[in-house]
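Take a look at the letters that make up each chain.
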Amino acid sequence: AVVCLVSSGVLIGREKAPAEKWFEIKSGNFSVWANANDGSTRTLVWQLEQIRHVAKNLWPWMKVDLTRPVVVIAVKDEQSMKALAPQYWELKGGVRPASVWVTAPDQHYIAIRSDLRSRDDVMVNPHTSAYFSYANLIIASSFEHRLPLWVSRGLAGVLSNTLVRQDDVIVGATLPWHLEALRTRRLPLRQMLATGLNAKALRDNEDLRYFDAQSWAFVHYLMFSEAGAHASKLNAFVAAVAAGGAPEAAFAATVGHIDEYERSFVTYVNRSLYPAARIKVDVGVDRERFPARPMMPAESAVARASFHVAMRRTVDARALIDEALKLDPKAANAVALEALMLDQGGNRDAAKDAYT
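As the structure is a prediction and not an experimental result, all values here were calculated from the model. (Residues numbered from 1 in each chain as written. Predicted model: local features only at pLDDT ≥ 70, side-chain atom pairs only at ≥ 80, totals over all residues. Heavy atoms only, no water.)

**Student:** What should I look at first to understand empty space enclosed by the protein in this one?
**Tutor:** Vacant regions in the atomic arrangement are exposed by a probe of water-molecule size rolled over the atoms. Overall, the coordinates contain 3 cavities of 30 Å³ or more when judged by the stated rule. In this model, the second largest cavity occupies a volume close to 40 Å³. Considering the residues around the second largest cavity, the lining is formed by S40, T43, L44, Q47, S114, L116, R117 and H127. For the lining of the second largest cavity, a count of residues per class yields 2 nonpolar, 5 polar and 1 charged. (1 Å grid on protein atoms, 1.4 Å probe; cavity = no way out; pocket = protein on both sides within 12 Å on 5 of 7 lines; lining within 4 Å. Points joined across faces, edges and corners; volume = space filled by probe spheres on them. Nonpolar A, V, L, I, M, F, W, Y, C, P; charged D, E, K, R; others polar.)

**Student:** I'm lost on the sheet that holds strand β6 (residues 163-164) in this one. Help?
**Tutor:** The sheet built from 3 strands is open, its strands ordered β6-β7-β8 with antiparallel pairing. The open sheet terminates on both sides in strands that have one partner only, identified here as β6 and β8 (277-280). Two strands pair when backbone bridges link them, and strand β7 (residues 168-171) and β8 are joined in this way by 4 bridges, in the antiparallel orientation. Considered in β8, the bridge of V171 is made with A277. (Pairing = 2+ DSSP bridges. Helix = DSSP H or I, 4+ residues; strand = E, 2+ residues; numbered from the N terminus.)

**Student:** Hey, could you run me through the nonpolar core in this one?
**Tutor:** General note: in soluble globular proteins, nonpolar side chains tend to be found buried as a group. Formed by 74 residues in total, the largest nonpolar core has its most connected members in M62, W150, F218, L222, M223 and F237. Setting aside chain neighbours within four positions, we find F237 in contact with P148, W150, V151, P247, A250, F251, T254 and V255. Ranked by size, the runner-up nonpolar core spans 19 residues in total, among them L84, W89, V100 and F307. (Core = buried A, V, L, I, M, F, W, Y, C linked by side-chain atoms within 4.5 Å. Buried < 20%, exposed > 50% of the residue type's maximum accessible area, 1.4 Å probe, protein only. Contact = heavy atoms within 4.5 Å.)

Okay, here's the thing in C-alpha cells:
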C-alpha cells in the first residue's frame, strides 16, 4: 500500500503543466503575439505606434510603411525571453537581452519583454536596441540611394532612446554609454564622415562602438544644438543625398566645411546638460481598443517556431513544428514553415515538396 501511494504521488507530480496561453493583439501597424494580454503588452505596442508617429512627423522623408510586416513577440518576463532566444543564455556570462530583432524572408520580428518600462526619472529606454533596429530599418527603406553610415546610424541612435510617456514623447534623450565612450576616445569628424559601408568600423565591435557613439553625438549636435539652428542643414543634406548627390559635395553645399564644426562639437560633447525635443503623443491611438483574440495552441507553436527559424535555431523550431502538427495534423502554416527551414538549409527538393 505504501508503494502504491508513493507511486501515485510521483505520477501526480509529473502531470503536464497546462499549456501557456498566447494572444494576438493588433494595432494599426503592428501584429503582436503575446503570452500576456494585459496593460503592459498594450502599453508596449502603443509606444511603438507613438515612435512610428514621431518618426513620420519629424522627418517626412521617412517611409514608415515597410515592404514586410513587423511582428512583435511580446513576452511577459525573462524566462519567456529565454525560451524564445535561448542562445543568449547558453553562453556563460553573456548578454541577457530585453529585446531581439531578426528579419525573415516574409516578415520582421521584434521579440521584446513587456514587463520592462522606462521611468520618468530615468531618461533611458530599456528597449534601445529594439528601437535602434526598427529606426535603422525604416531609414534604410526610405531611400533608393543609401545614406552615409554616420547619418543612418546616428539618426537611429537618436530615435533609439525615444521616451514615450503618458502625454508626451521625448526625442533626443542622451545615451550615457555613448557619452562615456566619446570622453574616452573620439574620432576626428572628417574621419567619421569618410567611413564607408566596408570600413573596418563595421567589422570590429570595439571600433563600431566608438563610431556609433560619435555618429549619434554629431547627429544630436546638428539636430538640437543652438536651439536647432543646424537641423534644417541636416535635412537639406539628407535630401541632397536622397536625390543622388555625392555625400562629400552634398555635405559641403548644405552643412558646410566639416573642420568648422570640430571645436564646437567637442564643446558640445563635454557639456553636462543636453537639449531634447518634446512632442505631444498621438491621442488618436487608443491602446484599450486594440483588438485581441486567443491563439490556438497549434497556432502559437507555429508562431514561436517561425521566430526560431528566423534565428536559425533548427532544433527548437523542429520541436515546435512537431508539436503543432501533433495538435493539428492539417496545420498548413506548420508545413510551410518546415519548407522554409529546409530551404534555408539548402535542401531545395525537400523544401519544394513541402511547399507543394
